[in-house]
Amino acid sequence: MNIGIVGLGLMGGSFAKAVKRYAIATKVYGYARSEKSKKEISELNLVDELVDIKKLKEKCDLIVLAIPVDNIISILPEFLDIKDKTTIMDLGSTKDFIVKNIPESIRQNFIAAHPMTGTEKSGPKAAIDDLYEGKTVVLCNLEDNENIHVNRAFKVFQAIGMRIVVMDSDEHDIHACYMSHLPHAISYSLANTVMGHEDPKSIIALAAGGFKDMSRIAKSSPDMWTDIFKQNRENLLKSIDLFEDHMKKVRDMVENQDYDELKEWMKKANSLHEIL
């Protein structure tokens, strides 16, 4: 099949690398707006040809939208005239908002997908060879799709080595909030807390592995994560409330010197890594 990718940063660029690596695509087309991105995409040889949206629709059997959620919604009107057999798929980190805003005329063509993978880097140079291998992809509300599009999505994701999970978009957004969105909020908060208290020289001299691990994802794109927090606002607020309850609990235990209770609380947290 011919595959077109709109947005060739970390997710889209890595997807292009994957479908090339496993010879899934006859030809990979790309679309980007900025001249800087086009130059980097060409230098990195991420796609076979950069084209406009019109040619993307003419040439491709599968079109992947690897751009922020707000941009996905705003670009959808350009795809209202796609062919019945053309699959369009997004890779957005929130799903319910997208599913509820897909135009009815292309709903049967549109696969709402979220690969549960990524790094803190962005842009075409962030694309890596094995981003998707061994990871999970969530496909949402497939009952609204025609079989040709569902089968195509399964074929592509299985071919690049992904595990497939199917669920409703609202259920996805709840799980994604606790597994991904809340950790990002915590990481940004930790980074800002430390920078508000410590000078740069002390951070450089004393920052250890644990701090670096916890603060790593605070390097993620603020534009992208503002978009995600906005689209999953209600779930994020609930998760922050629950997290604050635990922070208050640990504060109370330390303040009251309840160290036996604190130790048991930590042991319960240890069990998460047994699950993982």
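Looking only at helices and strands, one finds twelve helices and eight strands in the protein. Dimensions of the protein, computed from C-alpha atoms along their principal axes, come out at roughly 70 × 45 × 30 Å. A total of 276 residues make up the protein; the buried ones form 44% of that total. The contacts in the protein between residues at least 6 apart in sequence include a share of 71% that link residues at least 24 apart. Per element, the accessible surface of the protein, about 15,300 Å² overall, is 53% carbon and sulfur. Counting 36 positive and 42 negative side-chain charges, the protein places the averaged centre of each group 6 Å from the other.

Let us now look at the pattern of salt bridges. Under the counting rule described, the total for this entry stands at 18 salt bridges. A salt bridge links Lys-27 to Glu-49; its shortest N-O distance comes to 3.4 Å. Taken as a pair, Lys-27 in strand β2 (residues 27–31) and Glu-49 in strand β3 (residues 49–50) lie far apart in primary sequence, 22 residues in all. Residue Lys-27 is classed as partly exposed on the basis of its relative accessible area of 29%. The shortest N-O distance in the salt bridge between Glu-120 and Lys-219 comes to 3.4 Å. With Glu-120 in the loop between β6 (110–115) and β7 (136–140) and Lys-219 in the loop between α9 (209–215) and α10 (222–231), this residue pair connects regions lying 99 residues apart in the sequence. A relative accessible area of 12% places Glu-120 in the buried class. Lys-219 gets classed as exposed once you look at its relative accessible area, which sits at 57%. Each member of the salt-bridge network shares a partner with another, and the members are Lys-27, Glu-49 and Lys-55.

This part takes up unusual backbone geometry. In the Ramachandran plot, Asn-45 falls in the positive-phi region, its phi being about 55 degrees despite a non-glycine side chain. You can see Asn-45 is positioned in the loop between α2 (35–44) and β3. Of the residues examined, Asn-45 reaches a relative accessible area of 53% and is grouped as exposed. Despite not being glycine, Asn-141 shows a phi value in the positive range, around 55 degrees. Here Asn-141 lies in the loop between β7 and α6 (147–159). Accessibility expressed as a relative area gives 11% for Asn-141, which makes it buried.

The next thing to look at is α6. One turn of an α-helix holds 3.6 residues; hence residues three or four places apart share an orientation. End to end, α6 covers 18 Å across 13 residues, agreeing with the expected 18 Å (1.5 Å per residue, within 8%). Among all positions of α6, only His-149, Val-150, Arg-152, Ala-153, Val-156 and Phe-157 are buried. With its buried residues spanning 160 degrees around the axis, α6 presents them on a single face. In α6, the exposed positions that point more than 90 degrees away from the buried face belong to Asn-147, Asn-151, Lys-155 and Gln-158. Of the surrounding elements, those touching the buried residues of α6 are α1 (10–21), β4 (62–65), β5 (87–90), β6, β7 and β8 (163–167). Phi for Gly-161, located one or two positions after α6, is positive at around 90 degrees.

About the thresholds
- Residues numbered from 1 in each chain as written.
- Predicted model: local features only at pLDDT ≥ 70, side-chain atom pairs only at ≥ 80, totals over all residues.
- Heavy atoms only, no water.
- Helix = DSSP H or I, 4+ residues; strand = E, 2+ residues; numbered from the N terminus.
- Buried < 20%, exposed > 50% of the residue type's maximum accessible area, 1.4 Å probe, protein only.
- Contact = heavy atoms within 4.5 Å.
- Areas by Shrake-Rupley, 256 points an atom, 1.4 Å probe, with all protein chains shown as cover.
- Lys, Arg positive; Asp, Glu negative; His and termini not counted.
- Charge placed at Lys NZ, Arg CZ, Asp CG, Glu CD.
- Salt bridge = Lys/Arg side-chain N within 4 Å of Asp/Glu carboxyl O.
- Expected span 1.5 Å × (residues − 1).
- Arc of directions from axis to C-beta.

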